Amino acid sequence: RKEVEQDPGPFNVPEGATVAFNCTYSNSASQSFFWYRQDCRKEPKLLMSVYSSGNEDGRFTAQLNRASQYISLLIRDSKLSDSATYLCVVTGGAGNNRKLIWGLGTSLAVNP
Amino acid sequence: GAVVSQHPSWVICKSGTSVKIECRSLDFQATTMFWYRQFPKQSLMLMATSNEGSKATYEQGVEKDKFLINHASLTLSTLTVTSAHPEDSSFYICSAPLAGSKETQYFGPGTRLLVL
């Protein structure tokens with residue numbers, strides 16, 4: 001089983017749609033969780049951290065379910081500029097060996 | 001915000017040559033930098049952790065003699081791909097954390113390497 005699993009998509013949605021991405025992780029000891037966005041041929045950029053209480057940033061809502069080892073990202077009122085690959089990232093290891101574990105990413109295409 | 005630069009942004013080289021990639025933190029000091037590699041349609045894979053003033057820590061399966069890392073100053077880490085082969089063609093990205101946090105990382109724009 002992969003350490004971080006995501007549905008690769010692609011998700012094709014019209015402008016204004018609401019779309020949700022899911023991610024599962026295998027290491028129950030993971031402490032921190034993130035969603036990154038990566039545009040084609042570019043470096044990843046941090047979209048938001050994910051907290052147990054859930055967090056919202058404008059049109060984006062992230063949630064964490066530790067019991068199910070599951071993370072989600074909800075995008076409301078999607079824009080053309082939201083088209084990108086969304087990467088689920090969790091921390092793995094401990095102490096000095098702590099590092100980021102990356103999912104394969106979910107591709108989103110928002111269509112006019 | 002913090003900025004990390006990489007140079008070159010892309011490089012094409014012949015098989016057997018060595019390629020050096022630079023990663024610089026522009027407005028902050030980074031005692032640690034990370035080197036990732038991303039193949040098409042794959043996730044980012046951590047190759048090694050670069051430590052200023054000491055040896056790099058390589059991930060399992062990454063050949064330290066092939067991927068030479070030097071972190072000579074608090075703002076510069078270099079990755080040299082020695083005797084490059086076509087299978088080394090990939091997108092190489094560096095990152096640097098702020099204030100010793102491994103979790104909040106600032107990424108360079110990446111270097112696209114094509115080995116012919």
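None of the values given here were measured: they were computed from a predicted structure.

To continue, consider the sheet that holds strand β3 (residues 19-25) of chain A. Whenever strands of a sheet pair, they do so through backbone hydrogen bonds, lying parallel or antiparallel. All names here are of chain A. Strands sit in the order β1-β3-β8-β7-β6 across an open sheet of five strands; the sheet is antiparallel. On the outer flanks of this sheet lie β1 (4-6) and β6 (55-57), each paired with one strand and no other. Recorded for the sheet is a direction-independent mean angle of 20° between the axes of neighbouring strands. Direction of pairing for β6 relative to strand β7 (residues 60-65): antiparallel, over a ladder of three bridges. Across the sheet, E56 pairs through a bridge with T61, a residue of β7.

A few words now on the pairing of strand β2 (residues 10-13) of chain B. Residue and element names in this part refer to chain B. Going residue by residue along β2, you find V11 and C13 tucked away on one face and W10 and I12 left uncovered on the opposite face. Bridge count for β2 against strand β11 (residues 111-115) is four bridges, and the pairing is parallel. Across the sheet, the residue bridging to W10 is R112, located in β11.

Here we take up the environment of A30 of chain B. Residue and element names in this part refer to chain B. Position of A30 among the secondary structure elements: in the loop between β3 (19-25) and β4 (32-38). Take A30: its relative accessible area is 1%, and that puts it in the buried class. Sequence separation of A30 and S95 is 65 residues, and the distance between their C-alpha atoms is 9.6 Å. The residues contacting A30, other than those within four sequence positions of it, are S25, H71, L74 and A96.

Next up on the list: the sheet that holds strand β8 (residues 76-81) of chain B. Residues and elements named next belong to chain B. Here we have four strands laid out as an open sheet, ordered β1-β3-β8-β7, and antiparallel in their pairing. Edge positions in the open sheet fall to β1 (4-7) and β7 (67-73), since each of these has one partner strand only. For this sheet the average axis-to-axis angle between neighbouring strands, irrespective of direction, equals 15°. Strand direction decides the pairing type here: β7 and β8, joined by five bridges, are antiparallel. Bridge pairing links I69 to L79 in β8.

Enumeration over the complete set of coordinates arrives at two disulfides over all chains. Note on cysteine connectivity: C23 of chain A is disulfide-linked to C88 of chain A, with sulfurs 2.0 Å apart. Residues C23 of chain A and C88 of chain A are joined by a disulfide whose S-S torsion is about -75°; by sign, that bridge is left-handed. You can see C23 of chain A sitting in strand β3 and its partner C88 of chain A sitting in strand β9 (residues 84-92), a full 65 residues away along the chain. An identical accessibility class is assigned to C23 of chain A and C88 of chain A; each is buried. The disulfide bridge from C23 of chain B ends at C94 of chain B, spanning 2.0 Å between sulfur atoms. Residues C23 of chain B and C94 of chain B share a disulfide whose torsion about the S-S bond is about 80°; that sign makes it right-handed. Here C94 of chain B lies in strand β9 (residues 90-97) and C23 of chain B lies in strand β3, a separation of 71 residues in the sequence. Note on accessibility: C23 of chain B and C94 of chain B belong to one class, buried.

A separate point is the interface of chain A and chain B. At the interface, 19 residues of chain A touch 17 residues of chain B. Summed over both sides, the interface between chain A and chain B buries roughly 1500 Å², with carbon and sulfur atoms accounting for 53% of that surface. Joining chain A to chain B, the criterion identifies one salt bridge. K99 of chain A is paired through a salt bridge with E59 of chain B; the nearest N and O atoms lie 2.3 Å apart. The tally of links from chain A across to chain B stands at two residue pairs in polar contact (both at pLDDT 80 or more). Residue assignment for the side of chain A that touches chain B shows that the elements contributing at least two residues are β4 (33-38), β9 and β10 (99-102) of chain A. A per-class count over the side of chain A that touches chain B returns seven nonpolar, seven polar and five charged.

About the cut-offs
Residues numbered from 1 in each chain as written. Chains lettered and ligands numbered in written order. Predicted model: local features only at pLDDT ≥ 70, side-chain atom pairs only at ≥ 80, totals over all residues. Heavy atoms only, no water. Pairing = 2+ DSSP bridges. Helix = DSSP H or I, 4+ residues; strand = E, 2+ residues; numbered from the N terminus. Axes fitted to C-alpha atoms, helices over the stretch in contact; angles between N-to-C directions. Buried < 20%, exposed > 50% of the residue type's maximum accessible area, 1.4 Å probe, protein only. Contact = heavy atoms within 4.5 Å. Disulfide = S-S within 2.5 Å. Buried area = accessible area lost by both parts, 1.4 Å probe. Salt bridge = Lys/Arg side-chain N within 4 Å of Asp/Glu carboxyl O. Polar contact = N/O pair within 3.5 Å; in protein donor to acceptor, adjacent residues only side chain to side chain. Nonpolar A, V, L, I, M, F, W, Y, C, P; charged D, E, K, R; others polar.

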